[in-house]
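Now for the letters of each chain:
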Amino acid sequence: MDRTLAADLARLPELLDATRAAAAEALATLAARPVVPPTGKPHAPEPLPEHATGTEAALAAFRDRWEPRLSASAGPRYLGFVTGGATPAALAGDWLTAAHDQNSNSALDSGGQDLERETVGWLRELFGLSAAHSGTFVSGATMSNTTGLAIAREWLGERLGVSPAEDGAAALGPVRVLSGAPHSSIGKALSVLGLGRASLVPVPTLPGREAVDPAALERALADTPGPAVVVANAGTVNTVDFDDLRAIAALRERHDFWLHTDAAFGAFAALSPEHAHLADGLDASDSLCVDLHKWLNVPYDSAVQFTRRRDLQARVFQNSAAYLGPLGDRPDLVHLTPENSHRLRALAAWFTLRAYGRQGHREIVERDIACARALGTALEGDPALTLLAPVRLNVVCFTLAEAPTPERVAALREAVAAEVFVTPTVYGGTAALRAAFSNWRTTEDDVRRAAEALGAAAREIA
């Protein structure tokens, strides 16, 4: 063994203590650090070290060279994208994930995948899904949507008497994927799956809404008879609008289609009695995407994919090799996603669910919703800013009250980046910003600071 490696092994507890101390300091300063540090001149890449210097030197180099440039994305005022943090229990679970270093895909070494199945069962209960849904962990919403649409592709083949998994996507002929306001990952998934971005057919939404018009969807389904795929939205990115899932599912009485629901963060509405009606009908989905490193507050990367047709899922992703576990009626996880190697992502989710239960995570969801409403109210009362949509759940979509050009809106975002991070968008043709609340640390004090910073910067720009 290399002498430095052997020395690190001998000092491992001490080195882990030093790493723990560095992590604790980083987390303790989240609220005080710039949310996004000023962009400086990029470091010139250093050459690969030729000789070993050990973990202690690597930790010192990281803290000097890279840590100051990292954002406080785990903190309470990082409101860009839809980014959660990591609850204390989730962080503990993630550290143990690395320590135990499991590839949790095979019954030949089954502890990891059994833990994952238990965690999936808890999540199914959390979101009000029936036992007809089976689930697997994947890396994020994009992979969850891709996996769900891959199963939908095989369902289309089943209807047409072919198997895209065996014969290729071309065996399907033209495919229609209908959606009102799909997330960008849907087009990406269709490209990856060989169905093509052009197969995505936009369907009109309700007036002033991002929710699909069910009547328009029925007309689109009737336009070209034959099996199709419908992508429903349970929480759109800009305004967290929800399609009427029950109305869409009822259309299956007259039309033949697979219902895939993108509920990346909208599924968490089910935790709040006041908002659970928004997610009503999730269980009717044939496949379902939920992103866990958003509102479950587990570390990147973690999502779950549910489906009612595990048999088709295994037909797509089966991997036949003597050293792998069986396919059978209860397929090993290696047969259910694109990944042969699959870290024990479920452990962080297991920890946070085990530690805080339904009530603890309901409190996070409801507090974030209250914070979003408070920011919406504050911005609505500021003459320099304007809301572009109602605050339906946890996202505030807003812009400058006067001359909201892309350049001026970008200047507003950049001016407040050290105090609050928000991301750009376009809504109704207008350049805008969106603040998404999904972090377990965020409080009303953070809302006040964000509102004051946005208001002051907007007045300065005006």
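Quick note: structure is the one above.
Residues numbered from 1 in each chain as written. Predicted model: local features only at pLDDT ≥ 70, side-chain atom pairs only at ≥ 80, totals over all residues. Heavy atoms only, no water.

Some details on the overall build of the protein
Counting its secondary structure elements, the protein contains 15 helices and eleven strands. Against the 2.2 N^0.38 benchmark of 23 Å for 462 residues, the protein shows a C-alpha radius of gyration of 24 Å, consistent with a compact globule. Oriented by its inertia axes, the alpha-carbon framework of the protein measures out at about 65 × 65 × 45 Å. Long-range contacts, defined as pairs at least 24 residues apart, comprise 72% of the intrachain contacts of the protein with a sequence gap of at least 6. Treating the 42 positive side-chain charges of the protein as one cloud and the 55 negative ones as another, the clouds have centres 1 Å apart. (Helix = DSSP H or I, 4+ residues; strand = E, 2+ residues; numbered from the N terminus. Rg over C-alpha atoms; globule rule 2.2 N^0.38 Å. Contact = heavy atoms within 4.5 Å. Lys, Arg positive; Asp, Glu negative; His and termini not counted. Charge placed at Lys NZ, Arg CZ, Asp CG, Glu CD.)

Digging into the pairing of strand β5 (residues 257–262)
Strand residues, when the strand is regular, have side chains that alternate between the two faces of the sheet. Counted residue by residue, β5 has six buried out of six residues, so it is predominantly covered. Where burial is concerned, the two faces of β5 agree: the one with Phe257, Leu259 and Thr261 and the one with Trp258, His260 and Asp262 are both buried. For strand β4 (residues 228–233) and β5, the ladder comprises six bridges, and the chain directions are parallel. Directly across from alanine 228, in β5, lies its bridge partner phenylalanine 257. Of the crossover connections in this fold, the one passing from β4 over helix α10 (residues 245–250) to the parallel β5 is right-handed. (Buried < 20%, exposed > 50% of the residue type's maximum accessible area, 1.4 Å probe, protein only. Pairing = 2+ DSSP bridges. Right-handed = clockwise from strand over helix to strand, strands pointing away.)

Here we look at the nonpolar core
Residues Leu123 and Phe127 are the most contacted members of the largest nonpolar core, which totals 55 residues. When residues of this core are assigned to their parent elements, the largest contribution, seven residues, is made by helix α13 (residues 346–380). Setting aside its immediate chain neighbours within four residues, leucine 123 contacts Phe137, Leu292, Leu296, Val304, Phe306 and Leu353. Core analysis: the next-biggest nonpolar cluster, separate from the first, contains 27 residues, Leu400, Val420, Ala450 and Ala457 among them. (Core = buried A, V, L, I, M, F, W, Y, C linked by side-chain atoms within 4.5 Å.)

Structural notes on the packing of aromatic side chains
On inspection of all chains with the given rule, the structure shows seven aromatic pairs. Judged by centre distance (5.9 Å) and plane angle (50 degrees), the rings of phenylalanine 81 and phenylalanine 421 are tilted. Of this pair, phenylalanine 81 sits in the loop between α3 (55–65) and α4 (88–100) while phenylalanine 421 sits in the loop between α14 (406–415) and β10 (423–427), and the two are 340 residues apart along the sequence. Here phenylalanine 421 falls in the buried class, since its relative accessible area comes to 12%. With 5.5 Å between their ring centres and 70 degrees between their planes, tryptophan 350 and phenylalanine 351 make a pair best called edge-to-face. By the ring-pair criterion, three or more aromatic residues cluster together here, those being Tyr78, Phe81 and Phe421. (Phe/Tyr/Trp six-rings, centres within 6.5 Å; stacked < 30°, edge-to-face > 60°.)

Re the sheet that holds β10
The four strands are arranged β8-β9-β11-β10 in an open sheet whose pairing can be described as antiparallel. Since the sheet does not close on itself, it has two edges, and those belong to β8 (385–387) and β10, each with one partner. Each adjacent strand pair in this sheet contributes to an overall mean axis angle of 45 degrees, direction not counted. Here β8 runs beside strand β9 (residues 395–400); their pairing, made up of three bridges, is antiparallel. Note that in β9 the partner of leucine 385 across the bridge is leucine 400. (Axes fitted to C-alpha atoms, helices over the stretch in contact; angles between N-to-C directions.)

Side note on the side chain of lysine 294
With respect to the helices, strands and loops of the structure, lysine 294 is situated in helix α11 (residues 292–295). In this structure lysine 294 touches Val82, Gly84, Ala264, Phe265 and Ser438, once residues within four positions along its chain are discounted.

Comments concerning the environment of glutamine 313
Residue position: glutamine 313 is located in helix α12 (residues 310–317). You can call glutamine 313 buried: its relative accessible area is 1%. C-alpha separation for the pair glutamine 313 and leucine 178, spaced 135 residues apart in sequence, amounts to 21 Å. In this structure, glutamine 313 is in contact with Thr136, Thr147, Ile151, Gln305, Thr307, His335 and Leu336, ignoring residues within four places of it in sequence.

Quick notes on the sheet that holds strand β7 (residues 303–307)
Taken in spatial order, the seven strands of this open sheet run β1-β7-β6-β5-β4-β2-β3, and their pairing is mixed. Both outer strands of the open sheet, β1 (134–138) and β3 (200–202), are each paired with one neighbouring strand and no more. Going across the sheet, the axis of each strand differs from the next one's by a mean of 20 degrees, ignoring polarity. Here strand β2 (residues 177–179) pairs with β4 via two bridges, running parallel.

Some points on a nonpolar patch on the surface
A cluster of nonpolar residues, Met1, Leu5, Leu9, Leu12 and Leu16, forms a patch on the protein surface that exposes about 540 Å² of accessible area. Relative to the elements of secondary structure, leucine 16 occurs in helix α2 (residues 12–28). (Patch = residues over 30% accessible without salt bridge, like charges linked within 9 Å, V, L, I, M, F, W, Y side chains within 5 Å. Areas by Shrake-Rupley, 256 points an atom, 1.4 Å probe, with all protein chains shown as cover. Salt bridge = Lys/Arg side-chain N within 4 Å of Asp/Glu carboxyl O.)

Description of helix α5 (residues 111–126)
Residue pairs three or four apart in sequence face the same way in an α-helix, which turns once every 3.6 residues. Between its first and last C-alpha, α5 extends 23 Å over 16 residues, near the 22 Å set by a 1.5 Å rise per residue. Against β1, α11, β7 and α13 lie the buried residues of α5. Of the residues one or two after α5, glycine 128 is the one with positive phi, at around 70 degrees. (Expected span 1.5 Å × (residues − 1).)

Details of the pattern of salt bridges
With the rule as written, the count across this model stands at 30 salt bridges. Notably, a salt bridge pairs aspartate 446 with arginine 77, separated by 3.1 Å at the nearest N-O pair. Of this pair, aspartate 446 sits in helix α15 (residues 444–461) while arginine 77 sits in the loop between α3 and α4; the two residues are 369 residues apart in sequence, bridging distant segments of the chain. Given the relative accessible area of 3%, arginine 77 is considered buried. Glutamate 452 serves as the salt-bridge partner of arginine 448, at 3.3 Å between the closest nitrogen and oxygen. With a gap of four residues between them, arginine 448 and glutamate 452 both fall in helix α15, about one helical turn apart. Linked through salt bridges whose partners overlap, the residues forming this network are Arg11, Glu14 and Glu56.

Purely geometric numbers; function is a separate question.
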